[in-house]
Amino acid sequence: MSELRLLAEGIAREAGALLRQSFRDPDLRVSAKSTPTDLVSEADHAAEHLIRTRLSEARPDDGVLGEEGGDVEGTSGIRWVVDPLDGTVNFLFGVPQWAVSIAAEDADGTVVGVVYDPERDELFSAVRGGPATLDGREITGSTKQDLPTALVGTGFGYDSEVRRSQAVVVAKLLPEVRDIRRFGAAAIDLAWTAAGRLDAYYEHGLNPWDLAAGGLICECAGLEVRHVPPVGVSNPGVIVGPPTLVDALAGHLA
Ligand code: IPD
Ligand code: CA
Ligand code: CA
Ligand code: CA
């Protein structure tokens, strides 16, 4: 599996370099997808095209699920799950908080996860069963037990009904924790949780390409990744962190 990791790391770096060329380009073509707040640009499409091209050159029999290009079935038993540009809104506002997220999964789940943050040149990765790493050095998540001192990350999808119900949850949580962060790129949020920069992370309605790589990196960093039922009208959610904190957060969401 480490050969899959090397492949994903190389492709994520190449896509990151491509994206940096159009970061803060005022002429980038942008359109709305599911809602007016759900933006996609030609940079998202170009990065996904590059990633799919490199994957099919190296491993033509693998499947690929990508945010912008949909699901293409393969025959090898490996499927790549790709977010070519996580944090599109940040990217389009010139906020240097966006990433490339590439995971590979087999019949048992995610086997490789890579999150590359081009603006900081930080590469987070993991292979199932191994350690999580940041630029090759092992990282471990928070061991905090105590919700009132926990720094908790969150994020919001694009559906306004989901946002409304999640806002209720976040309002309830805010007085119970040290603070809440919303940085705007779930893959980086998860990678930072794996590195202990956040104690825990919670979001309802993440898509597979937001969660696949970062979720594995968190597990390999010793954290629990717990899927939780919908709140109100929202999609299922995820809580990531040390198990005691995940329990405490799940209690507040219930
Ligand atoms: C979004 C970002 C955001 C998260 C949303 C995602 P995109 O991904 O990760 O932080 O809160 O749920 O959809 O659209 O920028 O790739
Ligand atoms: Ca998107
Ligand atoms: Ca995303
Ligand atoms: Ca994206």
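Residues numbered from 1 in each chain as written. Chains lettered and ligands numbered in written order. Predicted model: local features only at pLDDT ≥ 70, side-chain atom pairs only at ≥ 80, totals over all residues. Heavy atoms only, no water.

**Quick word on the overall build of the chain**
At step 1: Helix and strand counts for the chain stand at 7 helices and 15 strands.
At step 2: Taking 254 residues into account, the globule formula puts the C-alpha radius of gyration at 18 Å, and the chain, at 17 Å, falls close to it.
At step 3: The dimensions of the chain, computed from C-alpha atoms along their principal axes, are 50 × 40 × 30 Å.
At step 4: Within the chain, the proportion of its 254 residues that are buried is 54%.
At step 5: Sequence separation of at least 24 residues holds for 60% of the intrachain contacts in the chain that already meet a minimum separation of 6.
At step 6: Here the chain displays about 10,800 Å² of accessible surface, and carbon together with sulfur accounts for 52% of that area. (Helix = DSSP H or I, 4+ residues; strand = E, 2+ residues; numbered from the N terminus. Rg over C-alpha atoms; globule rule 2.2 N^0.38 Å. Buried < 20%, exposed > 50% of the residue type's maximum accessible area, 1.4 Å probe, protein only. Contact = heavy atoms within 4.5 Å. Areas by Shrake-Rupley, 256 points an atom, 1.4 Å probe, with all protein chains shown as cover.)

**Things to note about the site of ligand 1**
At step 1: Around ligand 1 sit 17 residues, and of these Asp-86, Gly-87, Tyr-158, Ala-186 and Glu-203 come closest.
At step 2: Here Asp-83 contributes a side-chain N or O atom positioned 3.2 Å from an oxygen atom of ligand 1.
At step 3: Here an oxygen atom of ligand 1 sits 3.0 Å away from a polar atom, N or O, in the side chain of Arg-182.
At step 4: Contact with the protein chains covers 97% of the free accessible surface of ligand 1, which is 380 Å².
At step 5: Top contributing element to the shell around ligand 1 by residue count: strand E5 (residues 79-86), with 3 residues.
At step 6: For the shell around ligand 1, the per-class residue count stands at 6 nonpolar, 5 polar and 6 charged. (Near = heavy atom within 4 Å. Polar contact = N/O pair within 3.5 Å; in protein donor to acceptor, adjacent residues only side chain to side chain. Nonpolar A, V, L, I, M, F, W, Y, C, P; charged D, E, K, R; others polar.)

**Focus on the coordination of the calcium ion (ligand 3)**
At step 1: Taken together, the protein ligands of the calcium ion (ligand 3) are Asp-83 (OD), Asp-86 (OD) and Asp-210 (OD), with distances of 2.0 to 2.2 Å.
At step 2: Written as a sequence motif, the donor arrangement for the calcium ion (ligand 3) is D-x2-D-x123-D. (Donors = N, O, S within 2.8 Å, 3.2 Å for Na, K, Ca; no water.)

**Some thoughts on the coordination of the calcium ion (ligand 4)**
At step 1: Within the first shell, the calcium ion (ligand 4) binds the protein through Glu-67 (OE), Asp-83 (OD) and Leu-85 (O), at distances of 2.2 to 2.3 Å.
At step 2: Along the chain, the residues donating to the calcium ion (ligand 4) are arranged with the sequence spacing E-x15-D-x1-L.
At step 3: Taken as a pair, the calcium ion (ligand 4) and the calcium ion (ligand 2) show a spacing of 3.7 Å, with Glu-67 coordinating each metal. The exposure classification of Asp-83 matches that of Leu-85, with both residues buried.

**Focus: the sheet that holds strand E3 (residues 63-66)**
At step 1: Spatially, the 8 strands line up as an open sheet ordered E4-E3-E5-E6-E7-E8-E9-E10, and their pairing is mixed. Two strands bound the open sheet, and with one partner strand each, they are strand E4 (70-72) and strand E10 (137-139). Across the sheet, the axes of successive neighbouring strands diverge by a mean angle of 20°, strand direction being ignored.
At step 2: Helix H2 (residues 42-58) rests against E3, E4, E5 and strand E6 (99-106) of the sheet, and its axis sits at about 150° to E5.
At step 3: Sheet strands in contact with helix H5 (residues 186-194) are E5, E6, strand E7 (109-117), strand E8 (122-127) and E10, and its direction is about 100° off that of E7. (Pairing = 2+ DSSP bridges. Axes fitted to C-alpha atoms, helices over the stretch in contact; angles between N-to-C directions.)

**Regarding the side chain of Ser-22**
At step 1: Of note, Ser-22 is situated in helix H1 (residues 2-22).
At step 2: Classification of Ser-22 by relative accessible area gives buried; the value is 13%.
At step 3: For Ser-22, the contacting residues outside a window of four places in its chain are Leu-28, Ala-43 and Phe-91.

**Side note on the nonpolar core**
At step 1: Counting residues in each nonpolar core, the largest one holds 35 residues, and the members touching the most others are Val-115, Phe-124, Tyr-201, Ile-217, Cys-218 and Val-240.
At step 2: Mapped by element, the contributors of at least two residues to this core are E6, E8, strand E9 (132-134), H5, helix H6 (208-220) and strand E15 (237-241).
At step 3: When residues in this core are grouped by element, the largest group, 8 residues, is from H6.
At step 4: Apart from the residues within four sequence positions on either side, Ile-217 is in contact with Gly-113, Val-114, Val-115, Phe-124, Ser-125, Ala-126, Ala-132 and Ala-194.
At step 5: Ala-43, Leu-85, Val-112 and Leu-123 belong to the second largest nonpolar core, which has 30 residues in total. (Core = buried A, V, L, I, M, F, W, Y, C linked by side-chain atoms within 4.5 Å.)

**Overview of the sheet that holds strand E11 (residues 151-154)**
At step 1: Here we have 5 strands laid out as an open sheet, ordered E12-E11-E13-E15-E14, and mixed in their pairing. On the outer flanks of this sheet lie strand E12 (179-181) and strand E14 (224-228), each paired with one strand and no other. Shown here is a sheet whose adjacent strand axes are inclined to one another by a mean of 20°, direction ignored.
At step 2: Summarising the sheet, E11 and strand E13 (residues 200-204) pair through 3 bridges and their orientation is parallel. For Val-152, the partnering residue across the bridge sits in E13 and is Ala-200.
At step 3: Packed onto the sheet, H6 meets E14 and E15 and runs at close to 135° relative to E14.

**Describing the side chain of Ser-165**
At step 1: If you trace the backbone, Ser-165 turns up in helix H4 (residues 160-173).
At step 2: At a separation of 3.1 Å, a polar atom in the side chain of Ser-165 contacts the main-chain carbonyl oxygen of Val-162.

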